[in-house]
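# Structural description and commentary
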Amino acid sequence: MFSTSEIGIDLGTANILIYSKSKGVVLNEPSVVAIDLNTKNVVAVGAEAKEMVGKTPQNIVPIRPLKDGVIADYDVTAQMLKAFLKKVSKKMGTSMRKPTVVVCTPSGSTSVERRAVHNAITSYGAKNVHLIEEPVAAAIGADLPVDEPIANVSVDIGGGTTEVGIISFGGVVSCQSIRTGGDKMDEEISNFIRKKYNILIGERTAENIKMEIGHADEEHIEESMDVRGRDMVSGLPKTVTVSSKEVHVALKESLEQILETIRSTLENCPPELSGDIVDHGIVLTGGGAILNGLRDWLSEEISVPVHVAPSPLESVAIGTGRSLKMITKLQKAAK
């Protein structure tokens, strides 16, 4: 049995992570579900379903039921959560009966979107469901002293959204959320390669390009990689060599939007807390935090220290799990 059946869920656009109070992160899988259109049954979830993207027959469709950090397809999300929680129970060799769940939501999400998340978790049979804002969860997971009266700035670059939050005394002082993240960057890379080389590439290829030779800083040692796709003119497979400088050009717009969001959030910071930001800087979390050269580029642009969280990909999940003991304090601060 889970220790007091308490779990935290990071309901991410790209990945879902489940954190157990006793075991740490017990599940980290892509937020993808493969559905059989004929029977409406779930064929596969997580990593198995992601492997199917772009490779399935017509009746099987891989779906990403979360878009921009919120639920786009309620029924599929509920089925996916059920499958993941079953998987966790099997892995732990225990059943989770009526767990207390903390789940994070984007700071810009509407009450309808929050209600959908709440209902999806409740439908599994959770005893209590607490919602926590993503910037707060990210800050807790990055080991920041969120309950102290000092400015803690977290920048969570996820798959669908980028959340920038200034947290002090357990609550959000100022925060902004934009629907630009890893997915948008992948899309920009696909569009760039289509326009420049007349080649169509899939989501996974674009993601691999970003991870291998994507750079935030224009001034970097140039790298290149071979990219395979479908020639739009002949319709045949074709390989081209893409350089990291080209990928930087494709990513530039998304990176500028993230930078602008950080700047405007810092501008809304009360003067009393601005001094703390100069001293302690900001912390990057989420998958986007590991983009090559991002930390140094941001530090140069905003002139404050920039740090990467100890486990950027897991920070939000860890934060949701850890926040259980301080949930009452966080809720008081939110009121």
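Just so you know, these numbers come straight off a predicted model, no measurement behind them.

## Points about the UniProt feature "binding site: ATP" (unreviewed entry) in the chain
- As recorded in UniProt, the feature "binding site: ATP" (unreviewed entry) lies at T13, A14, N15, G159, G160, T161, E207, N208, I209 and K210.
- Structurally, N208 is set in helix α6 (residues 203–213).
- What makes N208 partly exposed here is its relative accessible area of 40%.
- Position of K210 relative to the elements: it lies in helix α6.

## As for the sheet that holds strand β14 (residues 199–200)
- Taken together, the 3 strands give an open sheet; going across it, the order is β14-β15-β16, and neighbouring strands pair in antiparallel fashion. Pairing within the sheet leaves two strands with one partner each, and these edge strands are β14 and β16 (237–243).
- On top of the sheet, α6 reaches β15 (224–231) and β16; it is set at about 170° to β15, its chief contact.

## Examining the side chain of E246
- Mapped onto the secondary structure, E246 falls in helix α7 (residues 244–267).
- Given a relative accessible area of 11%, E246 falls into the buried group.
- There is a polar contact of 2.9 Å between the side chain of E246 and the backbone nitrogen of S243.
- In this view, E246 contacts F192, K196, Y197 and T241; residues no more than four positions away in its chain are not counted.

## Some remarks on the packing of helix α4 (residues 134–141) against helix α10 (residues 315–322)
- Contact geometry of α4 with α10 gives a least axis separation of 6 Å together with a crossing angle of 90°. Considered as vectors, α4 and α10 are oriented roughly perpendicular to each other. For the pair α4 and α10, the contacting residues are E134, A137, A138, I140 and G141 in the first and S315, V316, I318, G319, T320 and R322 in the second.
- Classifying every residue of the contact of α4 with α10 by side-chain character gives 5 nonpolar, 4 polar and 2 charged.

## A short note on the sheet that holds strand β11 (residues 152–157)
- Sheet architecture is open: 5 strands sit in the order β13-β12-β11-β17-β18, paired in mixed fashion. Each end of this open sheet is capped by a strand with a single partner; those strands are β13 (171–178) and β18 (306–308). Put simply, the sheet's adjacent strands are angled 20° from each other on average, direction ignored.
- Pairing of strand β12 (residues 162–168) with β13, which is carried by 7 bridges, proceeds in the antiparallel orientation. Looking at the pairing, I166 lines up with S174 of β13.
- Relative to β13, α7 is tilted by about 155°, and along the sheet it contacts β11, β12, β13 and β17 (282–285).
- Docked against the sheet, helix α9 (residues 294–302) engages β11, β17 and β18, running at close to 160° with respect to β18.

Conventions used here
- Residues numbered from 1 in each chain as written.
- Predicted model: local features only at pLDDT ≥ 70, side-chain atom pairs only at ≥ 80, totals over all residues.
- Heavy atoms only, no water.
- UniProt positions renumbered as here; feature names shortened; annotations may be inferred.
- Helix = DSSP H or I, 4+ residues; strand = E, 2+ residues; numbered from the N terminus.
- Buried < 20%, exposed > 50% of the residue type's maximum accessible area, 1.4 Å probe, protein only.
- Pairing = 2+ DSSP bridges.
- Contact = heavy atoms within 4.5 Å.
- Axes fitted to C-alpha atoms, helices over the stretch in contact; angles between N-to-C directions.
- Polar contact = N/O pair within 3.5 Å; in protein donor to acceptor, adjacent residues only side chain to side chain.
- Parallel < 35°, antiparallel > 145°, perpendicular 65-115°, else oblique.
- Nonpolar A, V, L, I, M, F, W, Y, C, P; charged D, E, K, R; others polar.

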